[in-house]
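Reading the structure
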Amino acid sequence: MQAAEMEKVVMNKGEAGRLQPVLDKLKAGKGLKIAGVGGSITAGNRIPPKKDYANLFFNWMVENFPSSPGEEPHTYEKFARGATGSDYFYFCLEASQMTESRLRRNKDPVLTSEIDLWIMDTSANDIILMDLPADENGNTDFQWAYLEGMTRRLLKPPNHAAMLYVYFAHGQDGKWRNAEGPQNKVAQHYGIPA
């Protein structure tokens, strides 16, 4: 992808401060823990196994930045539920992690504080929040409040994780929509690349 094409798809460049430790770990050959959070796009519905965007990114990272011998390998945790947005994950992310880890891999859950990089994909399903009417005071903050609350919780110490927002769209009747507008306000506030 050329630089001019990249400029068209980057909604927010974010701040390098949170990504720098991730890049430093990759350069040093240390294992990185990545988590993908989202709906059916992150889950990979209707896509061949391991061909969803997050697995493709993870496989590219492993190929280009392998962990050094003796270091922990890179890991990717997928926390995805079809037709769910940030409202679901705001309340259920930790429970979702424990259930998926134990049932699918018979392993202890990866704690949110252990993740180095979060990839957040909720804009296609959060469109439903944008369709809700304003409250009695004309307030529409709820359109991004769940994502903001979850973001704040995942970025807090002790881990100081990095985060990326990815914006996919929901198509219906030839029209494509997503919640990137309200979500990008959160990305700008927290310096998250989107």
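I will try to describe carefully the structure that is included in this document. Since the model is a prediction, treat every value here as computed from it, not as a measurement. (Residues numbered from 1 in each chain as written. Predicted model: local features only at pLDDT ≥ 70, side-chain atom pairs only at ≥ 80, totals over all residues. Heavy atoms only, no water.)

A separate point is the sheet that holds strand 4 (residues 162-165). The four strands are arranged 2-1-3-4 in an open sheet whose pairing can be described as parallel. Each end of this open sheet is capped by a strand with a single partner; those strands are strand 2 (75-80) and strand 4. Ignoring strand direction, the axes of neighbouring strands in this sheet form an average angle of 15 degrees. In this fold helix 4 (residues 53-64) packs onto strand 1 (33-38), strand 2 and strand 3 (117-121), with an angle of close to 170 degrees to the strand it touches most, strand 2. Seen against the sheet, helix 7 (residues 142-155) touches strand 3 and strand 4 and runs at an angle of roughly 155 degrees to strand 4. (Pairing = 2+ DSSP bridges. Helix = DSSP H or I, 4+ residues; strand = E, 2+ residues; numbered from the N terminus. Axes fitted to C-alpha atoms, helices over the stretch in contact; angles between N-to-C directions. Contact = heavy atoms within 4.5 Å.)

Let's shift gears to the side chain of threonine 42. You can see threonine 42 is positioned in helix 3 (residues 40-43). Threonine 42 has contacts with Gly36, Val37, Asp52, Tyr53, Tyr76, Lys78, Ala80 and Asp121, leaving out every residue within four places of it along the chain.

For strand 1, a buried count of five out of six residues is recorded, marking the element as mostly surrounded by other parts of the structure. By the bridge criterion, six bridges tie strand 1 to strand 2 in an arrangement that is parallel. Within strand 2, the position partnered with glycine 38 by the bridge is alanine 80. Taken together, the five bridges between strand 1 and strand 3 define a ladder with parallel strand orientation. Opposite valine 37, over in strand 3, you have methionine 120 as the bridge partner. (Buried < 20%, exposed > 50% of the residue type's maximum accessible area, 1.4 Å probe, protein only.)

Every α-helix carries 3.6 residues per turn, so stepping three or four residues along brings you back to the same face. End to end, helix 7 covers 20 Å across 14 residues, agreeing with the expected 20 Å (1.5 Å per residue, within 8%). Those residues of helix 7 not exposed but buried are Gln143, Leu147, Glu148, Gly149, Met150, Thr151, Leu154 and Leu155. (Expected span 1.5 Å × (residues − 1).)

A word on the pattern of salt bridges. Evaluation of the coordinates by the stated rule reveals six salt bridges. A salt bridge links lysine 78 to aspartate 52, with the shortest nitrogen-to-oxygen separation between them at 3.1 Å. Taken together, the residues span a long stretch of sequence, with lysine 78 in strand 2 and aspartate 52 in the loop between helix 3 and helix 4 at a distance of 26 residues. Residue classification places aspartate 52 among the buried positions, given a relative accessible area of 2%. (Salt bridge = Lys/Arg side-chain N within 4 Å of Asp/Glu carboxyl O.)

As far as function goes, none of this settles anything; it's purely spatial.
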